[in-house]
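# What the coordinates show
What follows is each chain in one-letter form.
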Amino acid sequence: MLRALAIIWLIGGLNWVVMKTANTYFPPILFVTWRFGTGALILLTVAYLRKIPLPDKKFLPWIFLTGILMIVLNNIAAQVGMKTISAGMAAVLNYTAPLWTAILAHFTLNERLTRRKIFGIFTALLGLYVLMGLQGVDDLSAAFIIILGAIVMAVSNIIVKLKLSKQNMIQLTTWQMVFGAIVLVVYTSLVPQGEINWCLPAVLCVIYNGLLASALAFFLWNYVLTHIEASSASIATLVAPVVGVLGGVVILGEPFTIQIVVGMILIFAGILIVVKKRGAK
């Protein structure tokens, strides 16, 4: 389990650098379409080679719904919100998903939202805020859109736990991504998105996002989500921004500051508070 989370942290964190680069070559939502379209094709190939059958019809509505929530709405909300607020603030708002997941899990999954969990979640979110070095939000409507996207992601997490936890993970991830990609292709076909500047870096961004940040990372996320508490799984994703910031320091030469250190300490402290079992020493 820890290895799966570590891969998610590494891929998701470094993807901040890749996505920042991709914005140079792609209109935002068009890049999301290429990302998940590529991921869907890769997963379909894997499912075909491994002779994984189509999902049972009774699960298709739930797979379709989680694909729309997780793949389409969450990512479009983040991309649209980033048009008028900083990428860092957008990340903070998007990473409120663990809070919403914990709240929903309290009422639907019998995962008790204790004072310890609440304290840990807010400690980690405070650390994320410090890590990004943020001030305020000028466009409240954009912030609201991104928060809605985070809530949508939380709803998807709960549905997966309730309805889809027994599914083959490759089968589940494949068809979530296929349904999401189809909706994205239809949307970008109907709504003009702008031009793509195709070049080697653009192709590499698509490959990284399609193969690693989409196909592999979402498969591992479904695996983690179905094996541990939804609230604990969600709060654990906050390690990814830490990796992203450190990746920016190492790869992009961004400054390493005291606020990064403080933010990292708060995030890891919050995660430990949430995942620590009652009575553990």
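Since the structure is predicted, the reported quantities are computational estimates derived from the model, not experimental observations. Counting of residues starts from 1 at the beginning of each chain's written sequence and follows it residue by residue. Per-residue local features of the predicted model are confined to residues with pLDDT of at least 70, and side-chain atom pairs are confined, for both listing and counting, to 80 or more; whole-chain, interface and lining totals are unaffected and use all residues. Think of the side-chain values as coming from all heavy atoms in the structure, minus any hydrogens and water.

### Considerations on the environment of Leu200
Helix and strand definitions here come from DSSP, where helices need a minimum of 4 consecutive H or I residues and strands a minimum of 2 consecutive E residues; each element is numbered from the N-terminal end. Residue position: Leu200 is located in helix H9 (residues 200-225). Taking the C-alpha atoms as reference, Leu200 lies 26 Å from Ala78; in sequence the two are 122 residues apart.

### As for the pattern of salt bridges
We define a salt bridge as a side-chain nitrogen of Lys or Arg found within 4 Å of a carboxyl oxygen belonging to Asp or Glu. The final tally for this structure, using the stated rule, is 1 salt bridge. For the salt bridge of Lys117 with Glu229, the shortest nitrogen-to-oxygen distance reads 2.8 Å. Of this pair, Lys117 sits in helix H6 (residues 115-132) while Glu229 sits in the loop between H9 and helix H10 (230-236), and the two are 112 residues apart along the sequence. Throughout this description, buried means an accessible area under 20% of the type-specific maximum (1.4 Å probe, protein chains only), exposed means over 50%, and partly exposed covers the range between. Looking at Lys117, the relative accessible area reads 5%, which means it is buried. Classification of Glu229 as partly exposed rests on a relative accessible area of 31%.

### What about the confidence of the model for the protein?
A residue's pLDDT is the predictor's confidence in that residue, given on a scale from 0 to 100. Mean pLDDT over the protein stands at 87; residues scoring 70 or higher make up 95%. By mean pLDDT, helix H4 (residues 87-94) is the weakest element of the protein at 74, and helix H8 (residues 169-190) is the strongest at 95.

### Topic: the side chain of Ser234
Structurally, the position occupied by Ser234 is in helix H10. Any two residues having at least one pair of non-hydrogen atoms within 4.5 Å are treated as being in contact. Beyond its immediate stretch of four places on either side in the chain, Ser234 contacts Pro98, Thr101, Asn157 and Trp221.

### What about the side chain of Gln193?
Note that Gln193 resides in the loop between H8 and H9. Counting of polar contacts relies on pairs of N or O atoms within 3.5 Å, with two restrictions inside protein: one atom must be capable of donating a hydrogen and the other of accepting it, and residues adjacent in sequence are counted only when both atoms are side-chain atoms. At 2.9 Å, the side chain of Gln193 forms a polar contact with the backbone oxygen of Val191.

### A closer look at the packing of helix H7 (residues 140-163) against H9
Helix axes are fitted to C-alpha atoms over the stretch in contact, other axes to C-alpha atoms as well, and angles between N-to-C directions run from 0 to 180 degrees. H9 packs onto H7 with a crossing angle of 60° between their chain directions and a minimal axis gap of 10 Å. The angle between H7 and H9 falls in the class oblique. H7 and H9 meet at a crossing whose hand is right-handed. When H7 is examined against H9, the residues Met153, Asn157, Val160 and Lys161 are found in contact with a partner set consisting of Trp221, Asn222 and Leu225. When residues are grouped by polarity, Ala, Val, Leu, Ile, Met, Phe, Trp, Tyr, Cys and Pro land in nonpolar, Asp, Glu, Lys and Arg in charged, and all others, Gly among them, in polar. The residue makeup of the contact of H7 with H9, split by class, is 4 nonpolar, 2 polar and 1 charged. Angle categories are assigned with fixed cut-offs, so that under 35 degrees is roughly parallel, over 145 is roughly antiparallel, 65 to 115 is roughly perpendicular, and the rest are oblique. By definition, any crossing whose near helix is turned counterclockwise from its far helix by less than a right angle is left-handed, and any crossing with a clockwise turn is right-handed.

### Observations regarding the packing of aromatic side chains
Centres within 6.5 Å make a pair out of two Phe, Tyr or Trp rings, where for Trp the six-membered ring is used; the pair is then stacked when the planes are under 30 degrees apart, edge-to-face when over 60, and tilted otherwise. As enumerated under the stated definition, the model contains 6 aromatic pairs in all. Residues Phe26 and Phe31 carry aromatic rings whose centres are separated by 5.0 Å and whose planes lie at 55° to one another, so their mutual orientation is tilted. The two residues Phe26 and Phe31 agree in class, both being buried. With a centroid separation of 5.3 Å and an interplanar angle of 85°, the aromatic rings of Phe26 and Trp198 are classed as edge-to-face. Linking Phe26 in the loop between helix H1 (2-22) and helix H2 (28-49) with Trp198 in the loop between H8 and H9, this pair joins segments that are 172 residues apart in sequence.

### Topic: the environment of Ala22
As for its placement among the helices and strands, Ala22 is situated in helix H1. Taking the relative accessible area as the measure of exposure, Ala22 reaches 0% and is therefore buried. Counting along the chain gives 182 residues from Ala22 to Leu204, while the straight-line C-alpha distance between them is 9.2 Å. When residues no more than four places from it in sequence are discounted, the contact partners of Ala22 are Phe31 and Cys205.

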